[in-house]
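# Examination of the molecular architecture
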Amino acid sequence: MAARDSTETVNPVLAEIWRGPVLESVHRGTAIVCRPSGEVIAAWGDPERVILPRSACKMLQALPLVESGAAAGLGSQHLAIACASHQGAEIHSSLVGRWLAELGLGEGDLRCGPQLPNDGDARHALRIAGHAPDQTHNNCSGKHCGFLTLGAHLGAGPDYIDPAHPVQESVRLALSEMAQEDLTQHAIDGCSAPNYAMTIRGLATAAARFAMPATLGPTRGAAAERLAEAMVANPMLVAGAGRACTDLITACAGRAVVKTGAEGVFVGILREAGLGIAIKCDDGAGRGSEAAIAALLTRFGALEPGHPSHARYADTPLTNRRGIVHGHLRAGPALSAR
């Protein structure tokens, strides 16, 4: 699958930044809404644009963990953090540490690399103790615990991030089947695991299929349902305080599950509507993809228009250092129009 040059056409505006009456900046990109069949029901930009889903596909990467039976003894907190891009807060790193201990493993068995926590309290605690961050603080450490659990179940070796490893072969196959595309190209993600390129339509299709577990057969359908329920039950584990994923999952109250990825990617799993959303900002800006996902969650009935989380991401005032409101960050008008 050859990557397309996104500069061939000018993509639509997904978010606008106004300073007073002046349109100061825009975030352009692509947003697609699909049914489980792959039918595109709404599109802003080219549905066949090839992207890297980055961490927005973590719940898809976790499917083999559950459908293989490897997760039989795991609770919903384990599954939520397997799908997480977390803050490295104590609730995150301690859960990862306990999971590793349950496997008879330690921090050194992870392959994600150390990361300074994004959580302020966790950074302060490390500084006071004079400790360096370790791999449990990595935002992907829960996903890697899932890989280790699946690897142990398969009797595979420790180098689980190798694209040829049985764990990653299982992940690639699940992604391919969910996206309904033959995935052959990959890049190395920030956590060192392979990340497979797919069309944005394929990513939206995978999200829609996740939203409609009855379309997946009994084993995979049950796995998708279990992962979605875990994310709904544990939104703080999926991201953390003040993060869009946590706020929007909570606000949608079970109607939808969302997951962000690096470089302006966002996925929405509309469980009530049976639809999937995939978003990619051209400039990689998270604030642009957050505005777009909030607008589309509202447009397709998963988020109430008057909910504070809609305003926080899709129509939020911008203040200067004196607390003066000087402008707004808004979702692109085309996303909000019905």
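Before going into details, it helps to say that this report is about the structure given with it. Since the structure is predicted, the reported quantities are computational estimates derived from the model, not experimental observations. (Residues numbered from 1 in each chain as written. Predicted model: local features only at pLDDT ≥ 70, side-chain atom pairs only at ≥ 80, totals over all residues. Heavy atoms only, no water.)

Bringing the pattern of salt bridges into the picture now. Pairing of side chains with opposite charge becomes possible as their charged atoms draw close. Under the criterion given, the structure shown has 13 salt bridges. The salt bridge partner of Arg-201 is Glu-181, with a shortest N-O separation of 3.6 Å. Of the two residues, Arg-201 is situated in helix α8 (residues 200–211) and Glu-181 in the loop between α7 (166–179) and β5 (186–188); the sequence distance between them amounts to 20 residues. For the pair formed by Arg-201 and Glu-181, the shared burial category is buried. Each of Glu-48, Glu-181 and Arg-201 takes part in a single network of salt bridges with overlapping partners. (Salt bridge = Lys/Arg side-chain N within 4 Å of Asp/Glu carboxyl O. Helix = DSSP H or I, 4+ residues; strand = E, 2+ residues; numbered from the N terminus. Buried < 20%, exposed > 50% of the residue type's maximum accessible area, 1.4 Å probe, protein only.)

Here we come to the packing of aromatic side chains. When we look at a pair of aromatic rings, we describe it by the centre distance and by the angle of the planes. For the structure on display, the rule yields one aromatic pair. For the pair Phe-147 and Tyr-160, a centre-to-centre distance of 5.9 Å together with 55° between the ring planes defines the contact as tilted. Here Phe-147 is found in helix α6 (residues 141–154), whereas its partner Tyr-160 is found in the loop between α6 and α7, with 13 residues between them in sequence. Judged by its relative accessible area of 3%, Phe-147 falls in the buried class. (Phe/Tyr/Trp six-rings, centres within 6.5 Å; stacked < 30°, edge-to-face > 60°.)

Quick look at the environment of Ala-56 now. As for its placement among the helices and strands, Ala-56 is situated in the loop between β4 (50–51) and α1 (58–61). The exposure class assigned to Ala-56 is buried, which follows from its relative accessible area of 0%. Remark: the alpha-carbon pair of Ala-56 and Leu-275, spanning 219 residues in sequence, is separated by 16 Å. In contact with Ala-56, not counting residues within four places along its chain, are Lys-259, Thr-260, Gly-261, Val-265 and Val-267. (Contact = heavy atoms within 4.5 Å.)

Quick look at empty space enclosed by the protein now. By the definition in use, this model includes one cavity of 30 Å³ or more. Considering only enclosed or pocket space, the largest cavity measures out at about 60 Å³ in volume. Among the secondary structure elements, those contributing two or more residues to the lining of the largest cavity are α1 and α6. (1 Å grid on protein atoms, 1.4 Å probe; cavity = no way out; pocket = protein on both sides within 12 Å on 5 of 7 lines; lining within 4 Å. Points joined across faces, edges and corners; volume = space filled by probe spheres on them.)

You can see His-186 is positioned in strand β5. Given a relative accessible area of 38%, His-186 falls into the partly exposed group. Residues His-186 and Leu-52, spaced 134 residues apart in sequence, show a C-alpha to C-alpha distance of 8.2 Å. Those residues in contact with His-186 that sit more than four places away from it in its chain are Pro-163, Pro-194, Asn-195 and Tyr-196.

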